[in-house]
Amino acid sequence: MKKILLLNGPNLGLLGTREVQIYGKTTLRDIENAVREAAKAKNADLTAIQSEDEGFLARTICLAKGVYDGIIINPAAYTHTSVAIHDALLASEIPAIEVHISNIHKREGYRHESLTASACVGQICGLGAKGYLLALDALLD
Ligand code: DQA
């Protein structure tokens, strides 16, 4: 059974009520449940973690080494700032896919760059919550 780690960064715990015109009304719990169900249907096991804390996220990625087969990560605001998460993804040697609910390239200039995407297999953005399910499919295929 494949083990997949779903990581969400700061402020994503407020999905469903946070800037709904950008992020929609789907809650993080809805997303985690949908990805867990989809994983189960493909005989995979999902662990879902959300944190506001950059150090915790980096540490979680490092501890995932040798334990998880794939990572789906939305680093949220840390996407644009975190060398620590980039380095942790590389150090873990686990294939990772970066997901953004919004199209970061259509938004403010400071969101156009991702420091973390280059440590990932690929990036999905702008497809809403569905991006997480697409990332799961890509990892399991
Ligand atoms: C986000 C995009 C980021 O720029 C932002 O800081 C977020 C959410 C997204 O999913 O669209 O918190 O990662």
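Within each chain, residue numbers correspond to sequence positions counted from 1 in written order. The model is predicted, so local features are restricted to residues of pLDDT at least 70 and side-chain atom pairs to those at 80 or more, both for listing and for counting; the totals for chains, interfaces and linings are taken over all residues. Processing note: side-chain calculations cover all non-hydrogen atoms of the structure and skip hydrogens and water entirely.

Tell me about the packing of aromatic side chains, residues and numbers included.
Aromatic contacts are taken between Phe, Tyr and Trp rings whose centres are within 6.5 Å, Trp giving its six-membered ring; a plane angle under 30 degrees counts as stacked, one over 60 as edge-to-face, and the others as tilted. All chains considered together, the criterion is met by 0 aromatic pairs. To sit over a ring, a charge needs its Lys NZ or Arg CZ within 6 Å of the ring centre and within 35 degrees of the ring normal. Its end group placed over the ring of Tyr68, Lys3 keeps NZ or CZ at 5.2 Å from the ring centre.

Outline the side chain of Thr60, supporting the account with residue identities and numerical values.
Numbering goes from the N terminus for both helices and strands, where a helix is a DSSP run of H or I of at least four residues and a strand is a run of E of at least two. Structurally, Thr60 is set in helix α3 (residues 54-63). By relative accessible area, Thr60 is classed as buried at 14%. Within polar-contact distance, the side chain of Thr60 engages the backbone oxygen of Phe56 at 2.7 Å. The residues touching Thr60, leaving out its near neighbours within four places in the chain, are Leu5, Leu7 and Ile49. Burial classification: accessible surface area is computed with a 1.4 Å probe over protein chains only, and a residue below 20% of its type maximum counts as buried, one above 50% as exposed, and the rest as partly exposed. Two N or O atoms count as a polar contact when they lie within 3.5 Å, although within protein this holds only if one can serve as hydrogen donor and the other as acceptor, and sequence-adjacent residues are included solely when both atoms are side-chain atoms. Any two residues whose heavy atoms approach within 4.5 Å at even a single point are treated as in contact.

Talk me through the nonpolar core; I want residue IDs and the actual numbers.
Definition used in this section: a nonpolar core is a set of buried Ala, Val, Leu, Ile, Met, Phe, Trp, Tyr and Cys residues joined via side-chain atoms within 4.5 Å. Formed by 20 residues in total, the largest nonpolar core has its most connected members in Leu15, Val35, Ile72 and Tyr132. Of all the elements in the fold, those that place two or more residues in this core are β1 (2-8), α2 (28-41), β2 (44-50), β4 (96-100) and α5 (130-140). Apart from the residues within four sequence positions on either side, Ile72 is in contact with Ile4, Leu5, Leu6, Leu7, Val35, Ile97, Val99, Tyr132, Ala135, Leu136 and Leu139. In this structure, Leu7, Tyr68, Ala88 and Cys120 belong to the second largest nonpolar core, which totals 17 residues.

An account of the sheet that holds strand β3 (residues 70-74) is requested, with residue identities and associated values reported.
Taken in spatial order, the 5 strands of this open sheet run β2-β1-β3-β4-β5, and their pairing is parallel. The open sheet has two edge strands, β2 and β5 (122-125), and neither has a second partner. The mean inter-strand angle of the sheet, taken between neighbouring strand axes irrespective of direction, is 20°. Strand pairing is assigned whenever DSSP identifies at least 2 bridges connecting the two strands. Direction of pairing for β4 relative to β5: parallel, over a ladder of 4 bridges. Paired with His100 across the two strands is Cys125, which belongs to β5. To get an axis, a line is fitted to the C-alpha atoms, and for a helix only the part in contact is used. The angle between two axes follows their N-to-C directions and goes from 0 to 180 degrees.

Give a description of the side chain of His86 that names residues and reports values.
Considering the arrangement of structural elements, one finds His86 in helix α4 (residues 83-92). According to the relative accessible area criterion, His86 is buried, its value standing at 16%. A distance of 2.9 Å separates the side chain of His86 from the side chain of Asp87, its partner in a polar contact. Residues within four places of His86 in sequence aside, it is in contact with Leu115, Thr116, Ser118 and Ala119.

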